[in-house]
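# Inside the fold
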Amino acid sequence: MALGAGMVWSFGGLTARLAKHTDAWQYLVWRSVGVFIVMELLNVRKRRAPLVGSAFGTGRRMLFACGALMLASVCFVYAIKNTSAANAALLSSITPLLAAVLARIFIGEHLSRLTIGAICIAFVGLLVMVTGSGAGSGTNSMVGNAAAMVSALGFAAYMVTIRSSSDRDWGPVLPGYAILTILMCGAVTVANGNPLFPSAHDVALAVVHGGVFIVIGTLLFNAGSRQVPAAAMAVFSQTETVFVPIWVFIGIGERPARATIIGGAIIMTAVVGKAVLERR
């Protein structure tokens, strides 16, 4: 489930890049609309009360998870829109290191040698990608790169939060974060003088990103987190880092650097190697 979550999320990098007539804020509004609609429809099918009420009425921990996920999502889409897909993906892959530190500090989670080794290998892959991917290329933006790293911090905080109470139903986080994102990004869009209703093509891409890729990926991630420690979940979900540049290359021809491919292979070795060794 953890591996599948990253794989599903990775398709969102392509849809964000294909939506060429919207900025990050407009795109995020409609992506969040997709998240909210699909989650509430799934909830209606189960004949339950609206999830958004549970998101804002069940304590500070739920609110913190909504805010952390919003921070991660906003910053990642902003990075995808303002730097290369490879840079956005690889810089956000520092999540394992941040998650390990946060989990140790806030929930006292023990780090096994196997987990530490996998994180170290993943970090080596990150270094290879950073040092050899051409950080100074024309598509690169320092603001976009910084946003990718802040995205990693937000996602690590979200991941540790849901791990801190693994038996809790975290389903309300998605519609909760969607409402927060719609309000914030909608306000920024209006303040920038941009329309809330951009082209139908870009709206459709954003809604599919939110309603399909985000919902399915996050549900898989939440389910996997009930069995897998936070640091290991962070390593497993790095499949997103590997596949975002691949889908963008296939879809729009943005060629990843050789270092990106090599570094991604190293990260995948850490992911698959840990899974196999832990299973044995």
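Figured I'd write up the structure that's included with this text. Quick caveat, the model's predicted, so the values are computed rather than measured.

Applying the stated criterion across every chain yields a total of 2 cavities of 30 Å³ or more. Approximately 360 Å³ is the volume attributed to the largest cavity. Looking at the largest cavity, it is lined by 24 residues, and the ones nearest its centre are Trp-9, Phe-76, Ser-151, Phe-155 and Glu-240. Broken down by secondary-structure element, the contributors of at least two residues to the lining of the largest cavity are α1 (2-18), α4 (60-82), α5 (85-92), α8 (142-163), α10 (200-225) and α12 (239-252). Top element by residues in the lining of the largest cavity is α4. It accounts for 5 residues. As a volume, the second largest cavity reaches approximately 30 Å³. Forming the boundary of the second largest cavity are Ser-93, Ile-94, Pro-96, Leu-97, Ile-119, Ala-122, Phe-123 and Leu-126. Listed by contribution, the elements that provide at least two residues to the lining of the second largest cavity are α6 (95-106) and α7 (113-132). The element best represented in the lining of the second largest cavity is α7, accounting for 4 residues.

This part takes up the packing of α5 against α8. Relative to each other, α5 and α8 sit at 35°, their axes nearing to 7 Å. For the element pair α5 and α8, the recorded crossing hand is right-handed. Contacts from Asn-87, Ala-88, Leu-91 and Ser-92 of α5 reach α8 at Asn-145, Ala-148, Met-149 and Ala-152. Of the residues in the contact of α5 with α8, the class split is 5 nonpolar, 3 polar and no charged.

Our next topic: the pattern of salt bridges. Following the criterion strictly, the structure yields 1 salt bridge and no others. For the salt bridge of Arg-17 with Glu-254, the shortest nitrogen-to-oxygen distance reads 2.8 Å. Of the two residues, Arg-17 is situated in helix α1 and Glu-254 in the loop between α12 and α13 (258-279); the sequence distance between them amounts to 237 residues.

Definitions and cut-offs
- Residues numbered from 1 in each chain as written.
- Predicted model: local features only at pLDDT ≥ 70, side-chain atom pairs only at ≥ 80, totals over all residues.
- Heavy atoms only, no water.
- 1 Å grid on protein atoms, 1.4 Å probe; cavity = no way out; pocket = protein on both sides within 12 Å on 5 of 7 lines; lining within 4 Å.
- Points joined across faces, edges and corners; volume = space filled by probe spheres on them.
- Helix = DSSP H or I, 4+ residues; strand = E, 2+ residues; numbered from the N terminus.
- Axes fitted to C-alpha atoms, helices over the stretch in contact; angles between N-to-C directions.
- Left-handed = near helix turned anticlockwise from the far one by under 90°.
- Contact = heavy atoms within 4.5 Å.
- Nonpolar A, V, L, I, M, F, W, Y, C, P; charged D, E, K, R; others polar.
- Salt bridge = Lys/Arg side-chain N within 4 Å of Asp/Glu carboxyl O.

Just geometry here; none of it tells us what the structure is for.
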